[in-house]
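Architecture at a glance
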Amino acid sequence: MTTVDLPTTEGAHHDEAPSHPATSTGLTNEKVAMWAFLGSECLLFGGLISTYLLYKGQSEPGTIRPHDIFDIPYTSVSSFVLLMSSLTMVLALSAIQKGNHRALRVWLLTTALLGGSFVAGQCYEFTVFVREGLNLRTNLFGSSFYIMTGFHGAHVTIGVLMLLSLWSLSVKGRLPSEKAEVVELIGLYWHFVDIVWIVIFTLVYLIP
Amino acid sequence: MAIVTQPAPSAPSSPGTPGATPTRPAGVTRLLRRPTGDVKGLWGWFTTVDHKKIGVLYGVTAMIFFLIGGIEALLLRVQLGSPNNTFLSADAYNQIFTMHGTTMIFLVIMPLSAGLANYLLPIMIGARDVAFPRLNAFGYWVFIVGGLFMYSSFFLGGAPNGGWFGYAPLTRNMPGHNIDYWIFGLQILGIASLTGAVNLIVTVINMRAPGMSLMRMPIFVWMSLVAQFLLLFAIPVITVALFLLSFDRLFSTNFFNADAGADPLLWQHLFWLFGHPEVYILILPAMGIVSEVLPVFSRKPLFGYQVMVFSGIAIGFMGWGVWAHHMFATGLGPVALSAFSASTMFIAVPTGVKIFNWISTLWKGKIRLKTPLLFAVGFVTMFTIGGLSGVTHAVVPSDTQQTDTYYIVAHFHYVLFGGSIFGLFAGLYYWYPKLTGRLLSDRIGKLHFWLTLLGFNLTFAPFHILGLQGMPRRIYTYPTGRGWDVWNFVATIGSFLIALSVLVFIYNLWVSRKGPYVGDDPWDARTLEWTIPSPPPEYNFKVVPVVTARDDFWHRKYTEDEHGRAVLREPAPPALAQAPPDGAAEGVGGTTDVAVVDGGEHGDGDHGHDEHGDEHEEHVHIHLPSPSYWPLFSAIGLAVVAYGMIYKFWIVAVLGGIWILGGVYSWGLEPATEPEPPAEHGDNGAAIEPDDSPSDQLEPVGQA
Amino acid sequence: MSTPEKTVEAADHGAVHAHEHPSDLQYVYIALFLALVTAAEVAVYYVKSFKGLLVYILATMAVVKFSVVVMFFMHLRFDSKVFRRFFVTGIILAMFCYVSVLSTFHIWHR
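The present account deals with the structure reproduced in this document. (Residues numbered from 1 in each chain as written. Chains lettered and ligands numbered in written order. Predicted model: local features only at pLDDT ≥ 70, side-chain atom pairs only at ≥ 80, totals over all residues. Heavy atoms only, no water.)

On a plain count of helices and strands, chain B comes out with 20 helices and 4 strands. Looking at chain B as a whole, 62% of its 704 residues are labelled buried. Carbon and sulfur atoms make up 69% of the accessible area of chain B, which amounts to about 25700 Å² in all. (Helix = DSSP H or I, 4+ residues; strand = E, 2+ residues; numbered from the N terminus. Buried < 20%, exposed > 50% of the residue type's maximum accessible area, 1.4 Å probe, protein only. Areas by Shrake-Rupley, 256 points an atom, 1.4 Å probe, with all protein chains shown as cover.)

Bringing the overall build of chain C into the picture now. In terms of regular secondary structure, chain C is built from 4 helices and 0 strands. Traced from its N-terminal end to its C-terminal end, chain C shows the element sequence α-α-α-α. When the 110 residues of chain C are sorted by exposure, 47% land in the buried category. Taking as baseline every contact in chain C between residues at least 6 positions apart, the subset at least 24 positions apart corresponds to 53%. (Contact = heavy atoms within 4.5 Å.)

Here we take up the packing of helix H3 (residues 72-97) of chain A against helix H2 (residues 24-46) of chain C. For the pair H3(A) and H2(C), interaxial distance at closest approach is 10 Å and the crossing angle is 165 degrees. With respect to H2(C), the axis of H3(A) lies roughly antiparallel. Here H3(A) and H2(C) pass one another in a crossing that is right-handed. Along its contact with H3(A), which presents Ile72(A), Pro73(A), Ser76(A), Phe80(A), Leu83(A), Met84(A), Leu87(A), Val90(A), Leu91(A) and Ser94(A), the element H2(C) presents Asp24(C), Tyr27(C), Val28(C), Ala31(C), Leu34(C), Ala35(C), Thr38(C), Val42(C), Tyr45(C) and Tyr46(C). A breakdown of the residues in the contact of H3(A) with H2(C) according to their chemical character gives 16 nonpolar, 3 polar and 1 charged. (Axes fitted to C-alpha atoms, helices over the stretch in contact; angles between N-to-C directions. Parallel < 35°, antiparallel > 145°, perpendicular 65-115°, else oblique. Left-handed = near helix turned anticlockwise from the far one by under 90°. Nonpolar A, V, L, I, M, F, W, Y, C, P; charged D, E, K, R; others polar.)

By size, the foremost hydrophobic cluster in this structure holds 306 residues, and its most contacted members are Phe70(A), Phe145(A), Trp267(B), Trp358(B) and Phe379(B). Per element, the largest residue contribution to this core is 23 residues, and it comes from helix H8 (residues 219-251) of chain B. The contacts of Phe379(B), once residues within four sequence positions are left out, are Ile283(B), Ala286(B), Met287(B), Val290(B), Trp358(B), Thr384(B), Gly418(B), Gly419(B), Ser420(B), Phe422(B) and Gly423(B). (Core = buried A, V, L, I, M, F, W, Y, C linked by side-chain atoms within 4.5 Å.)

So, on to the interface of chain C and chain A. Each partner contributes residues to the interface: chain C has 47 residues there, and chain A has 54 residues. The junction of chain C with chain A conceals about 4200 Å² of combined surface from both sides, 78% of it contributed by carbon and sulfur atoms. For the interface between chain C and chain A, the tally reads 2 salt bridges. A salt bridge links Lys31(A) to Asp79(C), with the shortest nitrogen-to-oxygen separation between them at 3.0 Å. Joining chain C to chain A, the criterion identifies 8 residue pairs in polar contact (both at pLDDT 80 or more). When contributions to the side of chain C that touches chain A are tallied by element, the ones reaching two or more residues are helix H1 (5-16), H2, helix H3 (54-73) and helix H4 (81-104) of chain C. With 11 residues, H2(C) is the largest single contributor of residues to the side of chain C that touches chain A. Residues that form the side of chain C that touches chain A fall into these classes: 34 nonpolar, 7 polar and 6 charged. (Buried area = accessible area lost by both parts, 1.4 Å probe. Salt bridge = Lys/Arg side-chain N within 4 Å of Asp/Glu carboxyl O. Polar contact = N/O pair within 3.5 Å; in protein donor to acceptor, adjacent residues only side chain to side chain.)

It is worth spelling out a nonpolar patch on the surface at this point. Taken together, the side chains of Leu161(A), Leu661(B), Tyr665(B) and Leu669(B) present a nonpolar region at the surface, about 340 Å² in accessible area. It is helix H20 (residues 650-669) of chain B that contributes the most residues to the nonpolar patch, 3 residues altogether. As for its position among the elements, Tyr665(B) is in helix H20. (Patch = residues over 30% accessible without salt bridge, like charges linked within 9 Å, V, L, I, M, F, W, Y side chains within 5 Å.)

We now examine the interface of chain B and chain A. Taken together, the contacts link 50 residues of chain B with 48 residues of chain A. With both chains or domains summed, chain B and chain A bury close to 4200 Å², and 65% of this area falls on carbon and sulfur atoms. Counting the surface chain B buries against chain A, the share from its top three residues, Asn206(B), Phe255(B) and His623(B), is 14%. Our count for the contact surface shared by chain B and chain A stands at 0 salt bridges. Counting across the chain B and chain A interface gives 14 residue pairs in polar contact (both at pLDDT 80 or more). Contributing elements (two or more residues each) for the side of chain B that touches chain A: helix H5 (133-152), helix H7 (178-206), H8, helix H9 (265-298), strand E3 (622-623) and H20 of chain B. Counting residues per element, the side of chain B that touches chain A draws most heavily on H8(B), at 10 residues. Residue composition of the side of chain B that touches chain A, by class: 33 nonpolar, 10 polar and 7 charged.

So, about the environment of Val396(B). All names here are of chain B. Mapped onto the elements of the fold, Val396 is located in helix H13 (residues 396-402). Sequence separation between Val396 and Gly455 is 59 residues, and the spatial gap between their C-alpha atoms is 31 Å. Not counting residues within four places of it along the chain, the set of residues in contact with Val396 comprises Phe328, Leu337 and Ser341.

Residue and element names in this part refer to chain B. Counted at 1.5 Å a residue, the expected span for helix H15 (residues 442-468) with its 27 residues is 39 Å, and the 39 Å between its end C-alpha atoms agrees. The largest bend in H15 comes to about 25 degrees, at Asn457. The N-capping residue of H15, defined by a side-chain oxygen 3.4 Å from the backbone nitrogen of Arg443, is Ser441. One or two steps after H15, the chain reaches Gly470, where phi turns positive at roughly 100 degrees. (Expected span 1.5 Å × (residues − 1). Bend = angle between axes of the 7 residues up to and from the residue.)

Tracing the backbone shows Gln95(B) in helix H4 (residues 90-124). The residues touching Gln95(B), leaving out its near neighbours within four places in the chain, are Phe154(B), Gly158(B), Ala159(B), Pro160(B), Asn161(B) and Asn178(B).

Moving on, we come to the packing of aromatic side chains. In the structure shown here, the tally under the stated rule is 86 aromatic pairs over all chains. Both rings, one in Phe129(A) and one in Phe145(A), keep their centres 5.7 Å apart while their planes meet at 50 degrees; by these two values the pair is tilted. Of this pair, Phe129(A) sits in helix H4 (residues 101-131) while Phe145(A) sits in helix H5 (residues 140-171), placing them 16 residues apart in sequence. Grouping residues by exposure puts Phe129(A) and Phe145(A) together as buried. Between Phe106(B) and Trp164(B) the ring centres are 6.1 Å apart and the planes differ by 50 degrees, which places this aromatic pair in the tilted class. Here Phe106(B) is found in helix H4, whereas its partner Trp164(B) is found in the loop between H5 and helix H6 (170-173), with 58 residues between them in sequence. For the pair Phe106(B) and Trp164(B), a shared accessibility class is recorded, and that class is buried. Over the face of the ring belonging to Trp45(B) we find Lys53(B), whose NZ or CZ atom lies 5.3 Å from the ring centre. Of note, Arg526(B) hangs over the ring of Trp554(B), and the distance from its end group to the ring centre comes to 4.4 Å. (Phe/Tyr/Trp six-rings, centres within 6.5 Å; stacked < 30°, edge-to-face > 60°. Lys NZ or Arg CZ within 6 Å of the ring centre and 35° of its normal.)

A few words on the pattern of salt bridges. Scanning the model with the defined rule gives 16 salt bridges over all chains in all. Asp68(A) is the partner of Arg65(A) in a salt bridge, and the nearest nitrogen-oxygen pair spans 3.1 Å. Relative accessible area serves as the criterion here: at 54%, Arg65(A) is assigned to the exposed category. Its relative accessible area of 46% is what places Asp68(A) among the partly exposed residues. The salt bridge involving Asp404(B) is made with Arg474(B); its shortest N-O contact spans 3.4 Å. Of this pair, Asp404(B) sits in the loop between H13 and helix H14 (406-436) while Arg474(B) sits in the loop between H15 and helix H16 (485-511), placing them 70 residues apart in sequence.

The following block contains the structure:
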């Protein structure tokens, strides 16, 4: 069997153990790429959050303001859910690293479900807000709130899709322990989405 | 890094082995099968994942857009050539000047730089491809989809007409879909840039040949790397800005709605937070090219390599702290004005350092006045002029006069045309023989250069005067009697001279296409790309080089005598031997490519051979990533989404999203490299037989 | 197969982290900690007497949660510096640029 001699871990063709890729840094290309991407995402969410902060308190007087409408206990629960999904994600990674594929699948599915609940909870929250008169067009608060949390929710949704794909691959036996890194990379993405929410929850919901 | 080599099976495959007797499936099924290594023709280009082919695609596409952007410029100059002209209506003018700027920046300079980087970076660091070949292809297809998407607007109601910078709130309320094409077009292009940035960054960080430390890399690699980092962090900012604007236009959100209390400066801040790093993205690769060309044509190493690297990094860093100098006339307040004025002046320091280092490189060198050198020197002089006008902008009171006048237009054309374009031409002339094995005519090249220099200065120098005389930017006509008539006319003449120079360049491309073969290293250059054949084989290096110094190739060719003069080493290393590019691929059987795999005397594994590289090994198998059509397929989905969004055909947008998802999933699930079928000689397997040209051996000369 | 020295060293550095892992139980403890901080955040939100200090208290808590997730769940604490540099650069750049932009809008004095 010919060996790929590109120092890349793309494709499972190399002889080296996954922890010793033959790259200049000893790190896999995919992991470096994911961290580079996450670094770039900081600028993306930073922009959306800053727009929100800029317009905080600047909406037309008489229109809906954040603390008129926020349901802190409700959002606290969904924040907690997302936070716990980070735990289950890390347990999923731990499981595949130990070769426990049944546990992997359980934790992957749990993470996806928790993430899905978070998104569902957000959707419900949005419908309540809309009914109470806050939509995209209402005022500066409406626009910036929905776009910021909407972008975040879209990221969570993509994460859920990826988790379900991983789960499905594992069920079909196409996610062996050698491919643990894929779970790690999607985990990194997932945790990132979680920490963005940590920032949003504090800056947007809690800080007056 | 290890290369595990394998002796080729000597027996033909037995019947019943998959692929043993290739039958060609018919029609559509054949199209849907994943292409294998030796796809020919157009389908080969559509499915390529080879960084060199992708680089060529970027370059050719960018040159076509250069012609289009140039024609747009000529139209503008015809209109402005005389006062009260009616050649273009105001509306037409707005579309053309917007597209001229957008085209030149996003569809010419950026992809030309990306194309050169794509082609050269892996070779310059001793790698065989980029980190993610299919992602690389994706980047190209997204680029051309984005460009075509944006240009389709000309036929679908009108091209973008809000300036290349699309200032909201104006663009929030402009009727029609012109601005929407601009927004979504740029979003698509942004995706191409971002994926390209991730790819090239990982490639440079992770795939350098043994011994190629960061401070031994060619400086073009360094400057491109800094530019890619800038892209990585700047593209998300404009992504945010564009999303906000698109939501305002499509869904009536309030981000730029002054009636709802929105701040018009939000757009400007977000845009220029991107926009300023963007201009360094545009100039740094060209600076890198100049830093490669000057040493070769003065037969001296780059003066102050380390300082040049650090200056480039410094420019990259400081570029984040100057953006509001584009906003000096917007009422920022004295604190902000002072801060940004100071930071803008400071950024001139590393830039100035570079200019002095380039001059020092040439100083007392053995100058060879070839076309690449002329363009490189042209860069240094023209960019300096542009930099000087830039320094005047850093001073807030003078900028308050200059902003939004033709003085600014003069500045940025001096740095972008006199800078980037000149630099890119230097690179094209310099690396053309590597890509093709032939030289562009130097005689015609010199004519091209002088015509360009003349035409360029005739066009843009008067802009300084016009600006100081008060002529505003972005106006489609002007009244007579202000003293602007003469210089506008002169500039128009100049622009046609530029057009003539471009025709000369095209002529050069045409007549040089069948020139004599010049071998691997026609310029007697310094860096690794000149050690491999011209044009390079698909796998770049038959043997991954081991690097022992900066300008490693130069040091293998030359040593220094007691006076510090370069002296050719004896014996001439095989790297200088010339072999025809289509050298016969070695057939089966013990052959002279034994020398390649013979790892015998070179004890420290400097060829990265596996231990049993013995004389009986007949072939080196280099298994390259397989072609794929999923990148192209996925890229098209982006346009589908964009069209759906613009016209609010949500079904179309959703289908486009599913299209992209499907493409990306299929891509993700196929392996990067298909496993080889057992019978691999000369059939459709992805294994490449390196041909035997001795020139791609890299043996340490004067082993010490 | 022969591997040049430098790559071996680099590979070793990359590989070291593989042996430093919080255990599953430790992960659970970390998650519990995060949950507690979240609960504290919400509780603090309701305490009226904090008023002006509220912003700083909440911000600190958020930073703590953020850091814990990044360092432990994302494993950045045990991983190569290369990853840390990408991430920290992104964060610092974002903070610098956006805080500067917001400052020009004088939002701190509202």
